[in-house]
Amino acid sequence: MRRIYVAGHRGMVGSGLVRQLMQAGGVEVITRTHAELDLTNQQAVADFFATESIDEVYLAAARVGGIFANNTYPADFIYDNLMIECNVIHQAYQAGVTKLLLLGSSCIYPKAVSQPMSEEALLTDVLEPTNEPYAIAKIAGIKLCESYNRQHGVDYRSVMPTNLYGENDNFHPENSHVIPAMMRRFHEAKLNNDSSVVVWGSGTPMREFLHVNDMAAASIYVMDLDTETYQSHTQAMLSHINVGTGVDCTIRELAESLKQVIGFEGELAFDASKPDGAPRKLMNVERLAQLGWRANISLLEGLEQTYAWFLEHQNDYRK
Ligand SMILES: NC(=O)C1=CN([C@@H]2O[C@H](COP(=O)(O)OP(=O)(O)OC[C@H]3O[C@@H](n4cnc5c(N)ncnc54)[C@H](OP(=O)(O)O)[C@@H]3O)[C@@H](O)[C@H]2O)C=CC1
Ligand SMILES: C[C@H]1O[C@H](OP(=O)(O)OP(=O)(O)OC[C@H]2O[C@@H](n3cnc4c(=O)[nH]c(N)nc43)[C@H](O)[C@@H]2O)[C@@H](O)[C@@H](O)C1=O
């Protein structure tokens, strides 16, 4: 049986990957909590790979957060993510792992890039300042994979997810992403009968949102493509693949959808003192579509599923 290490299995995407890999069966899923294995620790990661006979790695562990966390803790975001990527990719290679999938992010693309953003837009212009350190680390991750492929003949792939949401997300009031943050705020406002809820920024930025179950399915799909098919749709120096829905909406529209799903009847109060971030980040998902995969969970369906999960996990959601 293939021994598959899912790094970050307690996180939103990692837990989705474990659910789907276990459901498909026929593989042994290996996991370690952050407390058991700190992936920024080079020796600990080397010891882990030297003893665990891993066949494949899904690298879904990272320092992750929304616009406020990225803007407030830039050193943590660049240091942790560079260290995790260097340690996992290099030690996997040292231990003879030939297949690895890195999760990057749509924020690798320049701020003023033409929309929708295609894979070729990488490194063509300057980045959005609120998350530049995180984006630089993610770009380094892509280049690590490409470089190990070129020099060592391994098969390390990378997927660039758009903004994600779903069960097991982080619902922290400040450090989270927009969907979990607003879902919790609207829910609490409904319980308190508040007349309005704060939405950060102007409401005009546009974002594309992909449900975690679609993201996990896409990751496994890309990992399992045979080498010839994968390489026919990538180029030697451009190995990453976008993952998204190809559909976006404004933050105001998202807030209206969340109001509807949660049943909050008050007003939206936009807080212009908070940053908007990138004006738009719509993914060009044609490359993945040509490879045979498309998202199938609509935003409304995904928000309803996530809110139902949130209601069931009021005592144990991450906050
Ligand atoms: N969420 C999103 O909107 C997007 C996410 N991505 C990418 O997808 C991937 C998964 O993200 P997501 O599931 O949302 O993130 P989560 O924060 O939900 O999960 C990340 C996991 O990584 C673990 N982790 C962090 N640092 C370390 C470390 N030093 N050693 C061991 N484990 C560690 C965390 O453990 P602990 O909590 O204990 O620290 C957590 O379980 C990441 O690479 C992220 O950059 C890309 C685009 C959008
Ligand atoms: C996935 C992605 O995540 C981050 O980039 P981002 O796309 O800006 O993500 P965000 O979810 O934090 O915000 C999206 C928009 O929504 C607005 N917004 C309104 N109200 C809230 C709110 O309450 N919380 C948050 N976080 N945002 C809010 C907010 O002002 C912004 O205009 C990066 O870290 C980047 O590195 C990255 O990869």
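Residues numbered from 1 in each chain as written. Chains lettered and ligands numbered in written order. Predicted model: local features only at pLDDT ≥ 70, side-chain atom pairs only at ≥ 80, totals over all residues.

This brings us to the UniProt feature "site: Important for catalytic activity" (unreviewed entry) in the protein chain. The feature "site: Important for catalytic activity" (unreviewed entry), as annotated in UniProt, sits at Ser 105 and Cys 107 in this numbering. Here Ser 105 shows up in the loop between strand E4 (99-103) and helix H5 (132-152). The contact partners of Ser 105, leaving out residues within four places of it in the chain, are Ala 135, Lys 138, Met 160 and Pro 161. Of note, Cys 107 is situated in the loop between E4 and H5. (UniProt positions renumbered as here; feature names shortened; annotations may be inferred. Helix = DSSP H or I, 4+ residues; strand = E, 2+ residues; numbered from the N terminus. Contact = placed C-beta atoms within 7 Å.)

As a further point, take the packing of helix H9 (residues 251-262) against helix H11 (residues 299-312). Packed helices, taken two at a time, are described by their axes: the angle between them and the distance between them. As a packed pair, H9 and H11 sit with axes 10 Å apart at the nearest point and diverge in direction by 50 degrees. Here H9 lies oblique to H11, going by the angle between them. Relative to H11, the crossing made by H9 is right-handed. Residues Ser 257, Leu 258, Val 261 and Ile 262 of H9 touch H11, and the partners they reach there are Leu 299, Leu 300, Leu 303, Glu 304 and Tyr 307. Residue classes in the contact of H9 with H11 are distributed as seven nonpolar, one polar and one charged. (Axes fitted to C-alpha atoms, helices over the stretch in contact; angles between N-to-C directions. Parallel < 35°, antiparallel > 145°, perpendicular 65-115°, else oblique. Left-handed = near helix turned anticlockwise from the far one by under 90°. Nonpolar A, V, L, I, M, F, W, Y, C, P; charged D, E, K, R; others polar.)

Turning next to the site of ligand 1. Neighbouring residues of ligand 1: 24 residues in total, closest Gly 8, Gly 11, Val 13, His 34 and Ala 62. Only helix H1 (12-24), helix H4 (74-94) and strand E6 (163-165) provide two or more residues apiece to the shell around ligand 1. Per element, the largest residue contribution to the shell around ligand 1 is three residues, and it comes from H1. Class assignment of the residues belonging to the shell around ligand 1 gives a composition of 11 nonpolar, nine polar and four charged. (Near = placed C-beta within 6 Å.)

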